[in-house]
Amino acid sequence: MLRRHAGQAALLGVVKANAYGHGALAVTRTLQNLNVRRFAVATVPEGIYLRENGIEDPVLVFASPLPPFLAAYARYDLGVTVSSRDVAEAVAVTARHEGPLRVHVKVDTGMHRIGIAPEEAEAVTRLLERAPGIELTGLWTHFATADEDDPFFAKVQMDRFEAVVKAVGDAYRHLHVANSGALLQLPRSVAQPGRLLARTGIALYGLMADERLAATAGLQPLMRFASRVTQVKTIQAGESISYGRRWTAPGPRRIATVGAGYADGYPRLLTNRAEVGIQGHRYPVAGTVCMDMFMVDLGPPEGPGYYVEAGEEVTLWGEGGPSAFDVARWAETIPYEICCGVATRVPRFYRTRDSG
């Protein structure tokens, strides 16, 4: 589906933040099997991790580099984001002494996070062209609002980027401007034939910030986060649950303790807000979410919760429980943060799915 939106643009798989919590190595290898051959991460250690585990395809590091660490880019053949003239000059020095560097010049068209001003792009390009040991691999920018309903500012950014492309000509092997939102909502971002890449991040994992957009695009979330009931007990009316006594039983209640908590990526803000799935039913979180456990109200002893026992699977989000969008709403955030927050101590298990 994403390839249909990308048209002639090749997909660049964004696997930063442990592939948005899904597991960087497993996701990268799966994407390779689907003939995605370019990747991006946020930091140098993330790139080194892929290299040390046998990933040889091009890997771009999004972060603005600090000059003392540029040698690592050469050593591990990682793409460098050139985000200022100072970085460009440091890259030129490093390439001369440490070996070749592949650079992607980042233009700030309005996000105002990192990047060179559009009017500086041509001068920085010429500086890099003259420096030995540098390959001008990419020219790129990043949209601030491409996943929102109003496309006005994204079009402004696109205009600014196209003006830069016109100024620098064919200096760069690749151009990349489309993120997941633009890929789905701004066809112009992948309309130019030839050198385009599309940086697919959150959409690879079946999610967007906006649930409506994800549904319209036919995305299917990949992650299912599950745990187990570790204990079940019955408490009486007026008894309280967990730290701070923030939940009090209105009558006799069966209470299940679940073996997950905020150290696993189940946000503390879900206290008394969220629901989980057990045996096809939805049950509310009761009391404060702890570091390694939280409790669930199974209802009166005579209800369906009577059949829940220790060892029962609990769906925190995904198939069989609430969605990541539900959990994000309860936690007052976006699905990106919910998935990225799943701790490394949580084991990941993978199953194949039709590539569609």
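Note that the structure is a prediction, hence the values are computed from the model and not measured.

Parameters at a glance
Residues numbered from 1 in each chain as written. Predicted model: local features only at pLDDT ≥ 70, side-chain atom pairs only at ≥ 80, totals over all residues. Heavy atoms only, no water. Helix = DSSP H or I, 4+ residues; strand = E, 2+ residues; numbered from the N terminus. Buried < 20%, exposed > 50% of the residue type's maximum accessible area, 1.4 Å probe, protein only. Contact = heavy atoms within 4.5 Å. Areas by Shrake-Rupley, 256 points an atom, 1.4 Å probe, with all protein chains shown as cover. Lys, Arg positive; Asp, Glu negative; His and termini not counted. Charge placed at Lys NZ, Arg CZ, Asp CG, Glu CD. Salt bridge = Lys/Arg side-chain N within 4 Å of Asp/Glu carboxyl O. Expected span 1.5 Å × (residues − 1).

K.L.:
A description of the overall build of the protein chain should follow, citing residues and the corresponding values.
P.N.:
Regarding its fold elements, the protein chain presents twelve helices and 16 strands. Over its C-alpha atoms, taken along the principal directions, the protein chain stretches across nearly 75 × 40 × 35 Å. For the protein chain, with 356 residues in total, the buried portion stands at 52%. Relative to all contacts within the protein chain whose residues are 6 or more apart in sequence, the contacts with residues 24 or more apart total 64%. As displayed, the protein chain offers around 16700 Å² of accessible surface, 51% of which is attributable to carbon and sulfur atoms. Seen as two clouds, the 38 positive and the 37 negative side-chain charges of the protein chain have centres 2 Å apart.

K.L.:
Pulling in residues and values, what's your account of the pattern of salt bridges?
P.N.:
All chains considered together, the criterion is met by 22 salt bridges. Ionic pairing is found between R212 and D210, a salt bridge with its closest N-O pair at 3.7 Å. According to the relative accessible area criterion, R212 is partly exposed, its value standing at 39%. Residue classification places D210 among the partly exposed residues on the basis of a relative accessible area of 25%. Its salt-bridge partner being E275, residue R282 comes within 3.3 Å of it at the nearest N-O pair.

K.L.:
Now, about helix α6 (residues 85–98): what can you tell me, with residues and values included?
P.N.:
The end-to-end C-alpha distance of α6, which contains 14 residues, comes to 20 Å, matching closely the 20 Å that a straight helix rising 1.5 Å per residue would cover. Every buried residue of α6 is accounted for by V87, A88, A90, V91, A92, T94 and A95. Against α5 (70–76), β4 (80–82), β5 (101–106), α7 (121–130) and β6 (134–140) lie the buried residues of α6. Downstream of α6 by one or two residues, G99 has phi in the positive range, about 125°.

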